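Each chain is listed here by its residues.
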Amino acid sequence: MSTASISTSLNAEYTLASFLTSAPPKSNLYHITLGNEAGDADSIISSLSLSYVNSLSMKDSRITLLPLVSINRDDLPLRRDVMLILEMAGICAETLVYLDDEMFASIANDNSVRKEITLVDHNKLKSDLWNLKDDVVEIIDHHQDEGEHQSVMGELRKIGFDGNAALVGSTCTLISERLMESGKNNDIDAGLGLVLLSVILLDTMNMSEDAGKGTMRDKNAIEFLISHTEWDNLEVGEETRKKIYDTQSGPPCQKRLYEYLRDSKFDPEFWKAMRPRDALRIDYKRFESSSGSNSAFGLASVLLDMNDLLAKNGFYEDVIAYMSEADIDLLGVLTMVIVNDKPQRGLLLVGTVTQVNSMTEFLLHSDAASYLEVTKANDDVELGSGIIAVILKQGNPKGSRKQVAPVMQMKGLEKI
């Protein structure tokens, strides 16, 4: 949305939903917010929210703000938690701009159009958008810094990660902190407060100590949003209200809101019915090795028990086909289910004998990987043509992809 059309930002009718409903006008300068390729709730909601927050204070009417949904349009229904969050906030998913929309393609490929890009929930532009690398002007993220886009420095490079740990559980916490710092922290739009709160609760598993994802900064953001949002302006359906409220007014019940979204995201029947290829691509990221090898590997997060995942019809055939499609030499599938409110994690490695055995030995015996507490669960599975699969258990429930990916990048892939 152009700042020329946000004169309503000081009245109650200018909301996150109204901002996102208006079609971005054509411009010679676009400021694009872009989440990571996995396109989970944090990536999508932080992109949408940051553009709206920026619109509240922008003064340059030449700039068109373009919040981008970082997945293809047809893939959004696979993200049930995101669909529910958008619906509760009154945001029409159809009006959003997606990665495969012609509008974005025409902007990205037009060299006469100036572009500025803020990366949210990642800090390295994905490979098929690498031609836009010089347009990155800001990074807001909570993953290990991959060291790219070095011209982005200081306050414009906010990466909440230190050592082996994220300093915040969610990029939406960083967006909430920007709200706190801006001074525009009274009477927060109900839709904005809801979407940010929802994602922080999901990402930190409602500040579960067993999951170990939430930090004091996340806790402060949750309290800030609950205290400063105009909750009485939130309009949700009666059935939804019964599920997320325990009072007639004020904020939704934190526990109920989290469980409502968690149950939609982790629904085992939904995941069991999903085709193997969809299960792999719904939350997938590609990583380049940092060891000097030109090879790449992928990590797919799947919310299923390992046995249920492997039981899918044609699973390994689909894995091999997906690896070819993604042009990767090694695929890791990170499984997670919640048992007695605690995460249980597994890791499947698929690739050539050399790549899989080398990575397995590193994860089992390297000091760098000891934090993950990896053990071998089964004998190798021979898939033919020199491809094998190894199933591992991960003892530390706090080791999510944020921790696993840097370890695997450190090891890198074998040069063939």
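Refer to the structure above for everything that follows.
If you're wondering where the values come from, they're calculated on a predicted model, not measured in any experiment.

1. Observations regarding the pattern of salt bridges
Thought 1: Applying the stated rule across the entire model yields 21 salt bridges.
Thought 2: Here Arg178 makes a salt bridge to Glu138, at a shortest N to O gap of 2.5 Å. Taken together, the residues Arg178 in helix α5 (residues 171-182) and Glu138 in strand β5 (residues 136-141) connect sequence positions 40 residues apart.
Thought 3: Taking relative accessible area as the criterion, Glu138 reaches 7% and is therefore assigned buried.
Thought 4: Two residues, Glu155 and Lys158, come together in a salt bridge whose shortest N-O distance is 3.6 Å.
Thought 5: Given a relative accessible area of 28%, Lys158 falls into the partly exposed group.
Thought 6: Three or more residues are tied together by salt bridges with common partners; here these are Asp75, Arg275, Asp278 and Arg281.

2. With respect to the pairing of strand β11 (residues 330-339)
The side chains of a regular strand alternate, first on one face of the sheet and then on the other.
Thought 1: Counting buried positions along β11 yields eight of 10 residues, so the element is predominantly enclosed.
Thought 2: By the bridge criterion, six bridges tie strand β10 (residues 296-302) to β11 in an arrangement that is parallel. Opposite Gly298, over in β11, you have Leu331 as the bridge partner.
Thought 3: As paired strands, β11 and strand β12 (residues 342-352) are joined by 10 bridges and run antiparallel to one another. Residue pairing across strands places Leu334 opposite Leu347, the latter belonging to β12.
Thought 4: Between β11 and β12, which pair antiparallel one after the other, the connecting turn spans two residues, and Asn340 there sits at a positive phi close to 55 degrees.

3. Describing the sheet that holds strand β6 (residues 157-159)
Two pairing modes exist for strands in a sheet, parallel and antiparallel, and in both the strands are linked by backbone hydrogen bonds.
Thought 1: On the basis of which strands lie adjacent, the open sheet formed by six strands has the order β3-β2-β1-β4-β5-β6 and parallel pairing. Unpaired on one side and paired on the other, β3 (97-98) and β6 mark the two borders of the sheet.
Thought 2: Where strand β4 (residues 114-120) lies against β5, four bridges are found, and the strand directions are parallel. What sits directly across from Leu119, in β5, is Ile139.
Thought 3: Sheet strands in contact with helix α2 (residues 41-55) are β1 (29-34), β2 (64-69), β4 and β5, and its direction is about 170 degrees off that of β2.
Thought 4: Contacting β1, β2, β3 and β4, helix α4 (residues 102-109) runs over the sheet at an angle of about 120 degrees to β1.

Rules behind the numbers
Residues numbered from 1 in each chain as written. Predicted model: local features only at pLDDT ≥ 70, side-chain atom pairs only at ≥ 80, totals over all residues. Heavy atoms only, no water. Salt bridge = Lys/Arg side-chain N within 4 Å of Asp/Glu carboxyl O. Helix = DSSP H or I, 4+ residues; strand = E, 2+ residues; numbered from the N terminus. Buried < 20%, exposed > 50% of the residue type's maximum accessible area, 1.4 Å probe, protein only. Pairing = 2+ DSSP bridges. Contact = heavy atoms within 4.5 Å. Axes fitted to C-alpha atoms, helices over the stretch in contact; angles between N-to-C directions.

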